[in-house]
Amino acid sequence: MSQDRLIIFDTTLRDGEQSPGASMTKDEKVRIAKALEKMRVDVIEAGFPIASVGDFESVQAVANVVKDSTVCGLARALEADIARAGEALKGAASARIHTFIATSPVHMQRKLRMSPDQVVEQAVWAVKRACEFTDNVEFSAEDAGRSELDFLCRIFEAVIDAGATTINVPDTVGYNLPNQFGETLRLLLERIPNADRAVFSVHCHNDLGLAVANSLSAVMNGARQVECTINGLGERAGNASLEEVVMAVRTRQDVFTCDTGLDTTQIVACSKLVSNITGFPVQPNKAIVGANAFAHESGIHQDGVLKHRETYEIMRAEDVGWTQNRMVLGKHSGRNAFRSRLDALGIVFHSEEELNAAFARFKDLADKKHEVFDEDLQALVTERGIEAENERVRLVSLRVVSETGETPNADVTLSIDGEERSVSAEGSGPVDAAYKAIEALVTTGADLKLYSVNAITSGTDSQGEVTVRLEKGGRLVNGQGADTDIVIASAKAYINGCNKLLEPALRAHPQGGDV
Ligand code: KIV
Ligand code: ZN
């Protein structure tokens, strides 16, 4: 079969970040972008530069470090958005501006309050303006999944004439069904006279659990770019999951006439990194990247796989990065072994100082825990990210007393804006006592919406990885912490969340604006 290229456009850093509670710092976004580049993702949508200074700086930082993937910035069809995206992408080796406007009757009438003619005019203007910054311009018809086909044909033809090189067809609200969505793509490609001058793309949301199926159906009908996210992160029920789309196309080469250029062995590392940074766990039965995705429980299956792997496995675990022989580091491992393991995990350091600091933390951990696994290294580097930021609150010491028949008590000392302060508090358990003490000192007034603790690896010497989600005035932030002592990990996570709440957060939403 002929091998067209299927372009993978990853929007974990933009649509993925729109998952409530999944916001990421600039450093975290750069780490994810480097991992995506290493996986050979074609286009990385790094953010929505007009949304906030933080978003602008993140897109700029990603544009400056990524060399092998195209870096993309989102912009509504507005002058300020496009100019800001152009500015943020200046340093990119290859830059794309992604501009969009809604095209469904309900969005045009109720949200934009614009006539179809005005929408076409605005879209054409926006594409021409974006072309002044780069010749790589993508146009999206927001809510295309509920737009009229004739209108889509009209607006797409006009924006291709205006210079758009990628035409994206989003199922913004996840309303479409696979056969219908595939048919839409087929008809668009058939009817638009200049369709051959652009790559047709799809961007599917998962409200009915059909994002991957809809994307694949579109690919079977001629789409040659899929927009997706690691672990299916994204607005509401999420976007099409990158790993599922990529592995479906790779595994079913008997059906697809195209393939991606991805190094699929990086998939599991990317998935773990995104889960680790966002605090969104991957369900064990998640396809490709779930802990059970390649585990065989039934005796019949185990027997079959031992006799001949293909009896029950359609993919090889190692092809998506589940390594059988995970290298284990320990307290005798040297700096080179540490560096090369991090390198293999796609973890990149900006400076020798950062590497040295991480190595010192690794040695501390290896003293407490004799075998250090890949998962420990990921957590250790996330901790580096946490500490590298200019956090105002730091944990100086924590002492917890927990005894049968006694009320647990915590003594906490924090450094707040450089000044050390201590307090004692009681709680229903050691974590509750520690949180009450921290809150007494920091006084965020936030509600704890989620507290989850996971063992990073197996065994009672495993590090506990704690995620908290804090809410204050409608704003949600995640905090993470890891330690072999889960009460300390819990305190670190709460403090990390407090630091994020103390940062200013002024952020616009792509679908929330005027145009
Ligand atoms: O879902 C959507 O329509 C989007 C657009 C901005 C492409 O995210
Ligand atoms: Zn979207």
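Residues numbered from 1 in each chain as written. Chains lettered and ligands numbered in written order. Predicted model: local features only at pLDDT ≥ 70, side-chain atom pairs only at ≥ 80, totals over all residues. Heavy atoms only, no water.

(A) Geometry of the coordination of the zinc ion (ligand 2). Distances from the zinc ion (ligand 2) to its protein donors, Asp15 (OD), His203 (NE2) and His205 (NE2), fall at 2.0 to 2.1 Å. In primary-sequence terms, the residues that donate to the zinc ion (ligand 2) follow D-x187-H-x1-H. A residue pair is termed long-range when its members are at least 10 positions apart, and Asp15 in the loop between β2 (7–10) and α1 (26–38) and His205 in the loop between β8 (199–204) and α8 (211–220) qualify at 190 residues. (Donors = N, O, S within 2.8 Å, 3.2 Å for Na, K, Ca; no water. Helix = DSSP H or I, 4+ residues; strand = E, 2+ residues; numbered from the N terminus.)

(B) Main features of the sheet that holds strand β11 (residues 393–401). Ordered by their spatial adjacency, three strands build an open sheet running β11-β12-β13, and the pairing between neighbours is antiparallel. Strand pairing shows two members of the sheet lacking a second neighbour, β11 and β13 (419–426), which therefore form its edges. Strand after strand, the sheet turns through a mean of 15 degrees between neighbouring axes, direction not considered. Strand direction decides the pairing type here: β11 and strand β12 (residues 409–416), joined by eight bridges, are antiparallel. Note that in β12 the partner of Arg394 across the bridge is Ser415. In the packing of helix α15 (residues 430–442) onto the sheet, the strands contacted are β11, β12 and β13, and the crossing angle to β12 comes to about 35 degrees. Sheet strands in contact with helix α16 (residues 486–502) are β11 and β12, and its direction is about 150 degrees off that of β11. (Pairing = 2+ DSSP bridges. Axes fitted to C-alpha atoms, helices over the stretch in contact; angles between N-to-C directions. Contact = heavy atoms within 4.5 Å.)

(C) Geometry of the site of ligand 1. Close to ligand 1 lie Arg14, Asp15, His98, Phe100, Ser140, Glu142, Pro170, Thr172, His203, His205 and Gln511. For ligand 1, an oxygen atom lies 3.0 Å from a polar atom in the side chain of Asp15. Side-chain polar atom of Thr172 to an oxygen atom of ligand 1: 2.6 Å apart, as the coordinates give it. Summarising the interface, the protein chains cover 99% of the accessible area of ligand 1, which totals 260 Å² for the free molecule. Elements that contribute at least two residues to the shell around ligand 1 include exactly β5 (95–102) and β6 (137–142). Taken together, the residues of the shell around ligand 1 break down into two nonpolar, six polar and three charged. (Near = heavy atom within 4 Å. Polar contact = N/O pair within 3.5 Å; in protein donor to acceptor, adjacent residues only side chain to side chain. Areas by Shrake-Rupley, 256 points an atom, 1.4 Å probe, with all protein chains shown as cover. Nonpolar A, V, L, I, M, F, W, Y, C, P; charged D, E, K, R; others polar.)

(D) Main features of the sheet that holds strand β15 (residues 464–472). On the basis of which strands lie adjacent, the open sheet formed by three strands has the order β14-β15-β16 and antiparallel pairing. With one partner strand each, in any of the chains shown, β14 (447–455) and β16 (475–483) form the two edges of the open sheet. For this sheet, the mean inter-axis angle between neighbouring strands, taken without regard to orientation, is 15 degrees. Alignment of β15 against β16, held across nine bridges, turns out to be antiparallel. Of the residues in β16, the one forming a bridge with Glu465 is Ala482. Against the sheet, α16 makes contact with β14, β15 and β16, and its axis sits at roughly 150 degrees relative to β16, the strand it touches most.

(E) Highlighting the nonpolar core. Phe139, Phe156 and Phe200 are the most contacted members of the largest nonpolar core, which has 97 residues in total. Top element by residues in this core is helix α6 (residues 149–162). It accounts for eight residues. Those residues in contact with Phe200 that sit more than four places away from it in its chain are Phe156, Ile160, Ile167, Leu185, Leu188, Leu189, Ile192, Ala195, Ala223, Arg224 and Gln225. Residues Val393, Tyr435, Val487 and Tyr494 belong to the second largest nonpolar core, which totals 28 residues. (Core = buried A, V, L, I, M, F, W, Y, C linked by side-chain atoms within 4.5 Å. Buried < 20%, exposed > 50% of the residue type's maximum accessible area, 1.4 Å probe, protein only.)

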